[in-house]
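Structural characterization, general
Chain residues, written in single-letter form:
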Amino acid sequence: MRVVIAEDVMLTREGIARLLQDAGIDVCAAVGDAAALLRAVGATQPDAAIVDIRMPPTHTDEGLAAAQQIRASHPDVGVLILSQYIEPHYAMRLLDEHPERTGYLLKERIFDVANLIDALRRLADGETVVDPTIVARLFARKRHADPLDQLSDREREVLALVAEGLSNQAIATSLFITERTVEAHVKQIFQKLGLNADPGSHRRVLAVLAYLRRPG
Amino acid sequence: MSRALPASANVAALARVVAGLAGTVVAVGAVAVAEGPARATTYAGSSATGAALTLAAGLGLITAGLVISLGRRPSRTGDLALLAGSCWFAPALAAWRGGPPLVLSIATVAAGFTFPFILHLVLTHPADRVGSKPARALTALVYAEALIAGAVLALFRDPYYDSSCLANCTVNSFLVRSLPSLAHVAEISDRWFTAAAATALIAVCAWRLVRASWPARQRLLLVYLPAMVFAAAVIARAAALQRVIFEDPFNPALSAIFAAGSVAITLLAAGLISGVVRARAERQAVAEITANLNQASAAGWLQSALAAALRDPGIQIAFWLPGRQCYVNASGQAVPDPSTESGRVVTRLTRNERTIAVISHSGAVPAIESQIGPAIRLGLENERLQAESLAELEELRTSRARIVETADSERRRLERNLHDGAQQRLLALSYDIRVACAAAHADGDAETEMALGDAAGTMQGILGELRDLAHGIYPAVLAEAGIGPALATLADTAPLPVQVLCAECGRYPAPIEAAAYFAVAEAVDDAARRGADHAAVSVAHDGGRLVVTVEDNGSGDASSMVAAADRVGALGGSLTARSAGTAVCRAEIPCASS
């Protein structure tokens, strides 16, 4: 797997690069700002880009803007946003436009290399990865007239794990149920949310989006 | 000019009426003469038009003089108009063949003073005094010359020996000694001096017109334009007389010049009268302001009332605040020094020898300070005091806003420093621990691996706490995404369920967003403190105000929310918290628009 890293703090950038290289991932470029990131992505066509949300010059949301640009111009390149904010707003800004191959993780999460590599794999599979803290926060939100109200507690649990980017097998393991049961739950969730089997869309991603978008 | 006592004022008014009547008698007499014995020797006698022109101009001046004199403020302008009007008929009277010698002699001398009186009259307009030094010098010079020429001609000109004589060619009661050549020189030099003075008069009028503001110029033109035409006629007459032996009223050029001069004087008199009428209407309107003074409430009422009364929409009243060494308007806002504005006239109004207000106006209304009576001055003094306290309030408000703004930018700076400094270094440290942990794992050192694993877990906790701290200091999302997303996060992390209804969650200026956000944060904290089990937040934009309400079902009194109230107050808004059944905290913050 080939990855580009964009992070303005040198220590963190090097750390992530070494971590990935140790795990056998090819780091094609490690850059410090959004412009260099866009150039590197164009030149190397990686599988994924790991992007810090806050980069020069204004240190606000350059990373987010660059991520949107990459998703628009290179649909095959996955983007994983790293942030120190638990802000559903930022995650939604990114996911709303290009839900597939997009992820939003808290920065400290990535030093758990297994977690990071799993997230990158999910992105490569065309899925969405959202930090568990954000998923938990969205779960806790009180919803009104929400299709998710029809879901059973178990189905919500499964959907939350789908949103975090877990595979059916991983969900089965973490909930101590069989994979077949997970598949049944997922099918039920799709049905309740009115997501028909449409070859053009990724139903898992749509389910996550339905989950993340709060009405009102 | 000081105001005369009522008794002497009555006497003076009577004297002016008598003078006016006398002038009219002179006029009638002069026309009778012109229509009789002087038919061939005067302009008035030369044709019906000549008679009408003479009458219109002279009686016009006399009427203007009476109208001005009989007003509340008798003035020099009125007296000069009476004198000029009377002298206007002197040439006709002087041509009274067979008339009483003394009358003829006096008329001959008086005719020489027509021009000085008219010049003086024009120059005293509109301020009722000549004003500038050059104009005063010109007036004095013209009078002096007229006196000298008049004296020389009266004492040494024997009409009988005057070759250019046409009208009164026989009688001079004042003759001391006949010196024909001296008289001739005096007559010619007087004529050319007068022409030169007329040129100077045109120059002064033009200069005043150029200098005046547009509204003032419109008023001045009514008098100065005919005056300039008359002066031109005087010059043309001097030039025309140079070519003829005597002033023949049937000479086409001369009679045309006379007609132009007469029409100009008639218009000048009309201009004077219209000015008086207008001034009277304005004085009346200003007086009416006094009657409505007790209704004056809004700041700046007097300025608009004066602007309407004086028909000068550009009128500006400024108050000097000695404490802060600046001018302010009635609302207490600082304004530039009125005297630095070009094209405006500045009048200082004083009361008890203190400047209470400075009025910047077009200058069209002469003697504006005399029109503004004690009652209006009292009203202005009132407005000045009000403006002073408004200015102080405004300064206090901006200073409060500045303090809050400074504190906010300090908060933002802290948040950034935490994010870019401590948080990044802890992340790096966290990475190092994990690397060491992995190394320990590889070495099979289970004890170290566990210790490092614990350290990594602790580090996660610290990072989480630091993130919460930074968010509490100033939520980055508030600055970057506005009140809506910031409130959503606030609701997510609140210790109780919070429902956010965000009808108008667009972007607003940063201080407004911060005030609204921190008001909600404080109210939600307070709701949790009082044991509420839910809270509802709503944000709406209502008539130029951002209205934020937080309702909860907690028990006990809502806190006074001092910090939030200070923030909201610093932006000129208000915050109320009441608890009757449900506690409602409502903040209203003025804002232009979303």
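Residues numbered from 1 in each chain as written. Chains lettered and ligands numbered in written order. Predicted model: local features only at pLDDT ≥ 70, side-chain atom pairs only at ≥ 80, totals over all residues.

Re the overall build of chain B
Counting secondary structure elements, chain B contains 19 helices and 10 strands. Long-range pairs, those at least 24 residues apart, make up 67% of the contacts in chain B with a sequence separation of at least 6. (Helix = DSSP H or I, 4+ residues; strand = E, 2+ residues; numbered from the N terminus. Contact = placed C-beta atoms within 7 Å.)

What to know about the overall build of chain A
Counting its regular elements, chain A contains 10 helices and 6 strands. By the burial criterion, 42% of the 216 residues in chain A qualify as buried. Of the contacts formed within chain A by residues at least 6 apart in sequence, a portion of 65% connects residues at least 24 apart. (Buried ≥ 20, exposed ≤ 12 C-beta atoms within 10 Å, placed from the backbone.)

Quick look at the confidence of the model for chain B
For any part of a model where pLDDT is low, the fine detail of the predicted coordinates should not be relied upon. Per-residue confidence for chain B gives a mean pLDDT of 86; residues scoring 70 or more make up 97%. When pLDDT is averaged over each element of chain B, helix H7 (residues 114–124) of chain B comes out on top at 94 and helix H13 (residues 368–371) of chain B at the bottom at 75. (pLDDT = per-residue confidence, 0-100.)

Focus: the environment of Leu138 of chain A
Among the structural elements, Leu138 of chain A can be located in helix H6 (residues 132–140). Linking Leu138 of chain A and Pro88 of chain A, residues 50 residues apart in sequence, is a C-alpha distance of 7.5 Å.

Quick notes on the packing of helix H1 (residues 10–22) of chain A against helix H14 (residues 374–443) of chain B
For the pair H1 of chain A and H14 of chain B, the least separation of the axes is 9 Å and the interaxial angle reads 25°. In terms of their interaxial angle, H1 of chain A and H14 of chain B are classed as roughly parallel. Along this stretch, H1 of chain A crosses H14 of chain B, giving a crossing that reads as left-handed. Between H1 of chain A and H14 of chain B, the residues in contact are Leu11, Thr12 and Gly15 of chain A and Gln424, Leu427, Ala428 and Tyr431 of chain B, respectively. By residue class, the composition of the contact of H1 of chain A with H14 of chain B is 4 nonpolar, 3 polar and no charged. (Axes fitted to C-alpha atoms, helices over the stretch in contact; angles between N-to-C directions. Parallel < 35°, antiparallel > 145°, perpendicular 65-115°, else oblique. Left-handed = near helix turned anticlockwise from the far one by under 90°. Nonpolar A, V, L, I, M, F, W, Y, C, P; charged D, E, K, R; others polar.)

Some points on the interface of chain A and chain B
Contact residues are listed per partner, giving 20 residues for chain A and 22 residues for chain B. Those elements that place two or more of their residues in the side of chain A that touches chain B are H1, helix H4 (88–97) and H6 of chain A. Per element, the largest residue contribution to the side of chain A that touches chain B is 3 residues, and it comes from H1 of chain A. Of the residues belonging to the side of chain A that touches chain B, the class tally is 7 nonpolar, 6 polar and 7 charged.

Quick look at helix H18 (residues 510–529) of chain B
All names here are of chain B. The end-to-end C-alpha distance of H18, which contains 20 residues, comes to 28 Å, matching closely the 28 Å that a straight helix rising 1.5 Å per residue would cover. Counting buried positions along H18 yields 14 of 20 residues, so the element is predominantly enclosed. Within two residues after H18, Gly531 carries a phi angle of roughly 75°, on the positive side. (Expected span 1.5 Å × (residues − 1).)

Overview of the sheet that holds strand S1 (residues 2–6) of chain A
Residue and element names in this part refer to chain A. The strand order across the open sheet formed by 6 strands is S2-S1-S3-S4-S5-S6, and the pairing between neighbours is parallel. Each having just a single partner strand, strand S2 (26–31) and strand S6 (128–130) make up the two edges of the open sheet. The mean inter-strand angle of the sheet, taken between neighbouring strand axes irrespective of direction, is 20°. With 3 bridges joining them, strand S5 (residues 102–106) and S6 adopt parallel strand pairing. (Pairing = 2+ DSSP bridges.)

A closer look at the nonpolar core
Core analysis: the biggest nonpolar cluster contains 110 residues, and Ala49, Val51 and Leu80 of chain A together with Ala516, Ala519 and Val520 of chain B have the highest contact counts within it. Take this core: its biggest share by element is 11 residues, from H18 of chain B. Setting aside residues no more than four positions away along its own chain, Val520 of chain B makes contact with Leu487, Leu490, Val537, Val548 and Val550 of chain B. Ala57, Ala227, Ile315 and Ile376 of chain B belong to the second largest nonpolar core, which has 106 residues in total. (Core = buried A, V, L, I, M, F, W, Y, C linked by C-beta atoms within 7 Å.)

Re the sheet that holds strand S2 (residues 326–328) of chain B
Residues and elements named next belong to chain B. Spatial strand order, S3-S2-S1-S5-S4: 5 strands in an open sheet with antiparallel pairing. Strands at the two margins of the open sheet, each flanked by one partner only, are strand S3 (334–335) and strand S4 (345–351). Pairing geometry for S4 and strand S5 (residues 354–361), over 7 bridges, is antiparallel. Counted as the bridge partner of Leu349 is Ala357 from S5. On top of the sheet, H14 reaches strand S1 (316–321), S2, S4 and S5; it is set at about 95° to S5, its chief contact.

Some points on unusual backbone geometry
Peptide bonds are, in most cases, trans, and in most cases residues other than glycine have a negative phi. The omega torsion across His125 of chain B and Pro126 of chain B is 0°, close enough to zero to call that bond cis. Unlike most non-glycine residues, Gln45 of chain A shows phi in positive territory, near 45°. With 13 C-beta atoms counted inside 10 Å, the residue Gln45 of chain A sits in the partly exposed group. With a phi close to 55°, Gln325 of chain B is a non-glycine residue in the positive phi region. With respect to the helices and strands, Gln325 of chain B occurs in the loop between S1 and S2. Accessibility expressed as a C-beta count within 10 Å gives 7 for Gln325 of chain B, which makes it exposed.

Quick look at the environment of Pro37 of chain B
Residue and element names in this part refer to chain B. Mapped onto the elements of the fold, Pro37 is located in the loop between helix H1 (6–35) and helix H2 (43–46). Pro37 gets classed as partly exposed once you count the C-beta atoms within 10 Å, which come to 16. Once you skip the residues sitting within four places of it in the chain, Pro37 turns out to touch Trp96, Arg97 and Gly98.

Quick look at the pairing of S1 of chain B
All names here are of chain B. For S1, the buried fraction is high: 5 of the 6 residues fall into the buried class. Relative to S5, S1 runs antiparallel, the two sharing 3 bridges. Directly across from Gln316, in S5, lies its bridge partner Ser360. Hairpin connection, S1 to S2: the antiparallel pair is bridged by 4 residues, and Gln325 has positive phi, about 55°.

Structural notes on the pairing of strand S3 (residues 48–52) of chain A
Residues and elements named next belong to chain A. Within S3, 5 of the 5 residues are buried, which leaves it mostly tucked inside the rest of the structure. What you see with S3 is no split at all: Ala48, Ile50 and Asp52 on one side and Ala49 and Val51 on the other are buried throughout. Relative to S3, S1 is paired through 4 bridges, and the arrangement is parallel. If you follow Val3 over to S3, its bridge partner there is Ala48. Sheet analysis places S3 next to strand S4 (residues 78–83), joined by 5 bridges and oriented parallel. Across the sheet, Ala49 pairs through a bridge with Val79, a residue of S4.

Considerations on helix H4 (residues 76–88) of chain B
Residue and element names in this part refer to chain B. Between its terminal C-alpha atoms H4 stretches 18 Å, which fits the 18 Å expected from 13 residues at 1.5 Å a residue. Counting buried positions over the 13 residues of H4 gives 12, a clear majority of the element. Among the residues making up H4, those that are buried are Thr77, Gly78, Asp79, Leu80, Ala81, Leu82, Leu83, Ala84, Gly85, Ser86, Cys87 and Trp88.

What to know about the packing of helix H8 (residues 168–175) of chain A against helix H9 (residues 179–192) of chain A
Residue and element names in this part refer to chain A. Across the interface, H8 lies against H9 with an axial gap of 8 Å and an inter-helix angle of 110°. One finds that H8 runs roughly perpendicular with respect to H9. Regarding H8 and H9, the two cross each other, and that crossing is right-handed. Residues Asn168, Gln169, Ile171 and Ala172 of H8 touch H9, and the partners they reach there are Glu179, Val182, Glu183 and Val186. Among the residues making up the contact of H8 with H9, the classes are represented as 4 nonpolar, 2 polar and 2 charged.

So, the confidence of the model for chain A
Summing up the model confidence of chain A, the mean pLDDT is 83 and the portion of residues at 70 or higher is 90%. Across chain A, element-level confidence peaks in S1 of chain A with a mean pLDDT of 94 and bottoms out in helix H10 (residues 203–212) of chain A with 71.

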